[in-house]
Amino acid sequence: AQVNITHDNSRVSAVLPSGESIEVLLHGATVTSWKDRAGNERLWLSDAAKLDGSKAVRGGIPLVFPVFGTAPDHEPTSKLPQHGFARNSRWDFLGKSTTESSGQTDASVKLDFGLSKATITDEAKKLWPFSFSLIYSVTLTPDALRTGIVITNDGDQPFEFQTLLHTYFRIGDINKVSVSGLEDAAYIDKVDGAKEKQQAGDVSIAGEVDRVYHPANPSTPVVISEGGESKFSIVRETLGDVVVWNPWTEKAQGMGDFEPKDGYKNMICVEAGSVKGFTKLEAGDAYSGEQVITV
Ligand code: BG6
C-alpha cells in the first residue's frame, strides 16, 4: 500500500496506507478535513462554509496572514480585510513528498503550497505592496498533523506581519472540554474590552470566548481534553501566542456561514500564531513557525 494522493483544480487529498486522510483546498491552502483511520473527522467545518473561493472557509484550518483581525492603527496593514488576504487567495500546489516505512504502516505525506506577491490578486497587492513568499507545508502521519509556514521577505525593504493557524477542532460537547497548558498565562480578553488578564487553571468554555494568550513557556503543549480525556495536543515552534475562540450562541447566529447554529457546541478554535504586536522581517530574511497536533 502507498500514500494515495489526488488533486484537481481546487483541492489536494491524501490517504495514508493506514487509513488517515487529509484534504486541502487551494483556496487559502485551507485544510478542510483531517480524518482518522475509521473515517471520523477531527476538524470542524461549517455546513455552510463556502468552498468555492468566494469567501474564507468557515472551519478547518484557515491561515491568517499578514494581519490578525484588523489593525486600523498599524498603517501598513490598515487597509487589509479581517485576518489578511492569505486565507482568501488561491495558492499553488508545489508538490508532495512521502516517507514509507518497511512495514508501510507508518507512512507519511507532506504537501507543500505556495503564495507570493506574483500570485496574489492585483487588489491584494494594492492593499499590501510588499514582496513576499509563503510556503505552507501540511504533513500527515498516522497520529499527527503538522502545519508549518515559512515567510520570506523577497523585497528590498522590511515588512511587519502577524500570522496564525486558525484551527477549528471538532469536539463532542463544548461543556466537557478543557484546555490545559495555558495556566498562569497572560491574555487579552477580546470580549471584555481587551483587558489584560491572567489565566487561573485550565480553560473551560461556558459562553463566548475570544482570548489571545501569551504563555510564558512556549514549549508547553496546549492540550484539548474532553471529559478528562486528552483529545489533541498542540506543540508549537516559534509561534508564541495561542488564541482560544468559541463564538457561542449569539455570535454563531450572526455568522451567515456558520451552520448548524448550535455547531458551536462541537467546535473549539485553538490557534497557534504570532499576533501580539507585529514581527518585523528584514529584506532577504525568513521566518518559520509551525504547529504539531498529536492525537
Ligand atoms: C478569531 C478572532 O481568531 O477569529 C475572533 O480572535 C474572530 O475575534 C474569529 O471573531 C473569526 O474570525 P472570522 O473573520 O473568520 O469571522
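See the structure shown above.
Below is a short write-up of the structure. Residue positions are given per chain, counting from 1 as you read along its sequence in written order. The predicted nature of this model means local features are confined to residues of pLDDT at least 70 and side-chain atom pairs, given and counted, to a pLDDT of 80 or more, with totals for whole chains, interfaces and linings taken over all residues. Here the side-chain values reflect all heavy atoms present in the structure, with hydrogen atoms and water set aside.

1. Quick look at the overall build of the protein
What the protein contains, in helices and strands, is two helices and 21 strands. Just to be clear, the radius of gyration here is over C-alpha atoms, and the globule rule we use is 2.2 Å times residues to the power 0.38. Radius of gyration (C-alpha) of the protein: 18 Å, near the 19 Å computed for a compact globule of 295 residues. Its C-alpha atoms give the protein principal-axis dimensions of roughly 50 × 45 × 35 Å. Per-residue accessibility, obtained with a 1.4 Å probe over protein chains only, is compared with the maximum for each type, and a residue is labelled buried under 20%, exposed over 50%, and partly exposed between these values. Looking at the protein as a whole, 52% of its 295 residues are labelled buried. Looking at the protein alone, contacts between residues at least 24 apart form 64% of all its contacts between residues at least 6 apart. Counted charges follow a simple rule, with Lys and Arg positive, Asp and Glu negative, and His plus the chain ends left uncounted. A charged residue contributes its charge at one atom only: NZ of Lys, CZ of Arg, CG of Asp or CD of Glu. Counting 29 positive and 40 negative side-chain charges, the protein places the averaged centre of each group 4 Å from the other. A run of H or I in DSSP counts as a helix once it spans at least four residues, and a run of E counts as a strand once it spans at least two, with each numbered from the N terminus. By definition, residues are in contact when any of their heavy atoms lie within 4.5 Å.

2. Focus: empty space enclosed by the protein
Computed over the protein atoms alone on a 1 Å grid, cavities are sets of points where a 1.4 Å probe fits but cannot get out and pockets are open sets with protein on both sides within 12 Å along at least five of seven lines; a residue lines them when it has an atom within 4 Å of a point. Grid points are joined across faces, edges and corners, and a volume is the space filled by probe spheres set on the points. As enumerated under the stated definition, the model contains one cavity of 30 Å³ or more in all. Considered as a void within the structure, the largest cavity measures approximately 30 Å³ in volume. Around the largest cavity sit Val222, Ile234, Arg236, Val242, Val270, Glu271 and Ala272, which together line it. Of all elements in the fold, only β18 (229–237) and β20 (267–281) reach the threshold of two or more residues within the lining of the largest cavity. Among the elements that take part in the lining of the largest cavity, β20 stands out by supplying three residues, more than any other.

3. Notes on the sheet that holds strand β4 (residues 30–35)
When DSSP finds two or more bridges between a pair of strands, those strands are recorded as paired. Pairing is antiparallel across the open sheet formed by four strands, whose spatial order is β1-β2-β3-β4. Each of the sheet's edge strands pairs with one partner strand only, and the pair in question is β1 (4–7) and β4. With direction set aside, neighbouring strand axes in the sheet form an average angle of 10°. Bridge count between β1 and strand β2 (residues 11–15): four bridges; the pairing is antiparallel. Within the sheet, the bridge partner assigned to Thr6 lies in β2 and is Ser13. Where helices are involved, their axes are fitted lines through C-alpha atoms of the stretch in contact, as for all axes, and angles between N-to-C directions lie from 0 to 180°.

4. Examining the layout of surface pockets
A volume near 300 Å³ is recorded for the largest pocket. Surrounding the largest pocket, 16 residues form its lining, Arg58, Gln82, His83, His166 and Trp245 being those nearest its centre. A per-class count over the lining of the largest pocket returns five nonpolar, four polar and seven charged. Looking at the second largest pocket, its volume works out to about 200 Å³. Together, Phe68, Gln162, Ile188, Lys190, Gly193, Ala194, Val212, Val275, Lys276 and Gly277 line the second largest pocket. Considering every element that reaches the lining of the second largest pocket, the biggest residue donor is β20, with three residues. Residues of the lining of the second largest pocket, tallied by class, amount to five nonpolar, three polar and two charged. Each residue receives one of three labels: charged for Asp, Glu, Lys and Arg, nonpolar for Ala, Val, Leu, Ile, Met, Phe, Trp, Tyr, Cys and Pro, and polar for the others, Gly being one of them.

5. A short note on a nonpolar patch on the surface
Together, Leu94, Ile135 and Val150 line one region of the surface with nonpolar side chains, adding up to about 220 Å² of accessible area. Among the secondary structure elements, Leu94 is positioned in strand β6 (residues 92–99). Patch membership is restricted to residues that have no salt bridge and whose relative accessible area is over 30%. Joining uses 9 Å for like charges and 5 Å for the nonpolar side chains Val, Leu, Ile, Met, Phe, Trp and Tyr. Every accessible area reported is derived by Shrake-Rupley at a probe size of 1.4 Å, with residue values counting cover from the shown protein chains alone. Basic side-chain nitrogens of Lys or Arg form a salt bridge, by our definition, when they fall within 4 Å of a carboxyl oxygen of Asp or Glu.

6. Description of the pattern of salt bridges
Following the criterion strictly, the structure yields 14 salt bridges and no others. Of the charged contacts in the structure, one is a salt bridge between Glu20 and Arg37, with a shortest N-O distance of 2.9 Å. With a gap of 17 residues between them, Glu20 in the loop between β2 and β3 (21–25) and Arg37 in the loop between β4 and β5 (63–64) connect regions that are remote in the sequence. The class for Arg37 is exposed, based on a relative accessible area of 55%. Asp257 is the partner of Lys55 in a salt bridge, and the nearest nitrogen-oxygen pair spans 3.3 Å. Residue Lys55 is located in the loop between β4 and β5, and its partner Asp257 is located in the loop between α2 (248–254) and β20; the two are separated by 202 residues in the primary sequence.

7. Considerations on unusual backbone geometry
For residues that are not glycine, phi is negative in most cases, and the peptide bond is trans in most cases. Here the bond from Phe65 into Pro66 is cis, since omega is -5°, no more than 30 degrees from zero. Tracing the sequence through the fold places Pro66 in the loop between β5 and β6. Residues Glu259 and Pro260 are joined by a peptide bond in cis, for which omega reads -10°. Topologically, Pro260 is positioned in the loop between α2 and β20. Notably, Asp184 is not glycine yet its phi reads approximately 70°, a positive angle. For Asp184, a relative accessible area of 55% corresponds to the exposed category. Here the phi dihedral of Trp248 falls at roughly 60°; this positive angle occurs in a residue that is not glycine. Within the element layout of this structure, Trp248 appears in helix α2.

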